[in-house]
Amino acid sequence: MKILRPISILMSCLMLTANAAAQISLTPPAADTPPAADKPAAKPKAKPPAVAKKPPAPAATAKPAPPVAAPVATVAPASAPDDPNADLVYGAYQRGQYKTAFDLASKRAQDFSDPKAMTMLGELYANAMGVKRDYAKAADWYKRAADGGDREGMFALAMLRLGGRGGPVNREEAVKLLASSAKLGNPKAAYNLALLYLDGQTLPQDLKRAAELLRVAADAGNPEAQYALATFYKEGTGVPKDVDKAVRLLQAASLADNVDAEVEYAIALYNGTGTPKNEAAAVALLRKAAKQNSPIAQNRLARVLLSGQGATMDKVEALKWHIIAKTAGKGDPTLDEALATLSPEDRAKAQDGARIWLGNK
């Protein structure tokens, strides 16, 4: 059964503590001396502070985003229903036939008290699919599903309680629901519960317990958890420090298209840290992340293209990515100076390329 469409719920309570930051400082060699490494983000990951050294290279220290500042709740059936009639509900949903899914799920909920059908009804009400959006009704159906033992219903209701949708904010109930859902094997619940152990507000901060929960979610293939746990292993937060494990987790998260992981794994590949050195693969990943609108990747790619290490030197393309990154707030005085010598014609080409990119975003 495919995962159902996500419910995006911003959770202001999951902003991590300022005394928990870490960065991966992996810098490929180059002739130019770049500016000092990025400072930790204002809303950093829950890790001990790590001061990055001033990088001497084009792909300097990446400043990863927090594990997730705005977690995404994805409602999905815990397992494929045994009853073929229940399959009809999810089949209709996946085909975009939401009104049909609503009618079928309503009948199953009424006639068979099917928790998964109840979760489906909550999903439809929460996302205005086939019915008018109604968070109160969504919460009611999620609660019925949770009471019936459905882990996805528990998780979805927890996210509504944390976000104060369909009722007042209730973090205590949310924690209990996340814990119950995690015990039933829901990796998203384990991941979000880990974040609550990191923020030190809803729950007492417990980095070891957070790491345990992140491991559960990471082992289940959750890319956000893989990325967050990688930073834990990089800095020895809640787990023994292990750069090799960190890089393996970055690789896994990168394969799942986690952009922050792509950037940091690219830097690891470029330097051969925790993995065999592979500049070509590193540059390919930087290009991919740059096209996914990562200002850090755009900046590092510009440096690589300027130096010609790991890629053919292309100052026009380097300036294009520099302009794009700078527009997103990732300035770089070293690149400003290095590219100031370009001819007016080349500068015009780079500026045109940047305008086209920014206009197509």
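All of these numbers come straight from a predicted model, not from anything done at the bench. (Residues numbered from 1 in each chain as written. Predicted model: local features only at pLDDT ≥ 70, side-chain atom pairs only at ≥ 80, totals over all residues. Heavy atoms only, no water.)

### Considering the overall build of the chain
From N to C terminus, the chain includes 16 helices and two strands. When each of the 361 residues of the chain is scored for burial, the buried share is 51%. The long-range share in the chain, meaning contacts at least 24 apart out of those at least 6 apart in sequence, stands at 61%. Of the roughly 15700 Å² that the chain leaves accessible, carbon and sulfur atoms contribute 52%. (Helix = DSSP H or I, 4+ residues; strand = E, 2+ residues; numbered from the N terminus. Buried < 20%, exposed > 50% of the residue type's maximum accessible area, 1.4 Å probe, protein only. Contact = heavy atoms within 4.5 Å. Areas by Shrake-Rupley, 256 points an atom, 1.4 Å probe, with all protein chains shown as cover.)

### As for the packing of helix α5 (residues 151-163) against helix α7 (residues 187-199)
Look at α5 against α7: their axes get within 9 Å of each other, and the N-to-C directions meet at 35°. Handedness of the crossing formed by α5 with α7: left-handed. The segment α5 lies against α7, with Glu-152, Phe-155 and Met-159 engaging Lys-188, Ala-189 and Asn-192. Class assignment for the residues of the contact of α5 with α7 results in three nonpolar, one polar and two charged. (Axes fitted to C-alpha atoms, helices over the stretch in contact; angles between N-to-C directions. Left-handed = near helix turned anticlockwise from the far one by under 90°. Nonpolar A, V, L, I, M, F, W, Y, C, P; charged D, E, K, R; others polar.)

### Some thoughts on unusual backbone geometry
Positive phi, normally seen in glycine, also occurs at Ser-113, with a value near 50°. With respect to the element layout, Ser-113 can be found in the loop between α2 (98-112) and α3 (115-126). Not every positive phi belongs to a glycine, and Ala-128 is a case in point at roughly 55°.

### Quick look at the confidence of the model for the chain
Here the chain averages 81 in pLDDT, while 76% of its residues score no lower than 70. When mean pLDDT is taken per element in the chain, helix α4 (residues 135-147) scores highest with 98 and strand β1 (residues 6-8) scores lowest with 30. (pLDDT = per-residue confidence, 0-100.)

### Observations concerning the nonpolar core
Membership of the largest hydrophobic core comes to 97 residues, with the highest contact counts inside it found for Leu-124, Leu-178, Leu-193, Leu-214 and Phe-232. A total of nine residues in this core trace back to one element, the largest contributor, which is α7. Once you skip the residues sitting within four places of it in the chain, Leu-124 turns out to touch Tyr-93, Tyr-98, Ala-101, Phe-102, Met-129 and Val-131. (Core = buried A, V, L, I, M, F, W, Y, C linked by side-chain atoms within 4.5 Å.)

### Points about the pattern of salt bridges
Should the charged atoms of two oppositely charged side chains come close, the side chains can pair. For the coordinates displayed, the defined rule picks out 18 salt bridges. The partner of Glu-212 in a salt bridge is Arg-209, with the nearest N and O atoms 3.3 Å apart. Remark: Arg-209 and Glu-212 occur in helix α8 (residues 207-219); sequence separation between them is three residues, near one turn of the helix. The exposure class assigned to Glu-212 is partly exposed, which follows from its relative accessible area of 32%. Residue class for Arg-209 comes out partly exposed when judged on its relative accessible area of 32%. (Salt bridge = Lys/Arg side-chain N within 4 Å of Asp/Glu carboxyl O.)

### Topic: helix α6 (residues 171-183)
Helix length check: α6, at 13 residues, gives a terminal C-alpha distance of 18 Å against a target of 18 Å (1.5 Å per residue), a fit within 8%. All buried positions along α6 are accounted for by Ala-174, Val-175, Leu-177, Leu-178, Ser-181 and Ala-182. Here the buried residues of α6 occupy an arc of 165° about the axis, which is enough to place them on one side. Counted as exposed and oriented over 90 degrees from the buried face of α6: Glu-172, Lys-176 and Lys-183. Taken together, the buried residues of α6 touch α4, α5 and α7. Downstream of α6 by a residue or two, Gly-185 has a phi angle that is positive, lying close to 95°. (Expected span 1.5 Å × (residues − 1). Arc of directions from axis to C-beta.)

### Some details on the environment of Trp-321
Position of Trp-321 relative to the elements: it lies in helix α14 (residues 315-327). For the pair formed by Trp-321 and Gly-353, sequence separation is 32 residues and the distance between their alpha carbons is 8.8 Å. For Trp-321, the contacting residues outside a window of four places in its chain are Ala-290, Lys-291, Gln-298, Leu-301, Ala-302, Leu-305 and Trp-357.

### Thoughts on the packing of α3 against α4
Following both chains from N to C, one finds α3 and α4 inclined at 165°, their axes separated by 8 Å at the closest point. By the angle class used here, α3 and α4 are roughly antiparallel. The way α3 lies across α4 gives a crossing that is left-handed. For the pair α3 and α4, the contacting residues are Pro-115, Met-118, Thr-119, Leu-121, Gly-122, Glu-123, Tyr-125 and Ala-126 in the first and Tyr-135, Lys-137, Ala-138, Trp-141, Tyr-142, Arg-144 and Ala-145 in the second. (Parallel < 35°, antiparallel > 145°, perpendicular 65-115°, else oblique.)

### Brief notes about the side chain of Asn-186
Residue position: Asn-186 is located in the loop between α6 and α7. When its relative accessible area of 1% is taken as the criterion, Asn-186 is described as buried. A distance of 3.0 Å separates a polar side-chain atom of Asn-186 from the backbone nitrogen of Lys-188. Not counting chain neighbours up to four residues away, the residues in contact with Asn-186 comprise Arg-151, Glu-152, Phe-155 and Ser-181. (Polar contact = N/O pair within 3.5 Å; in protein donor to acceptor, adjacent residues only side chain to side chain.)

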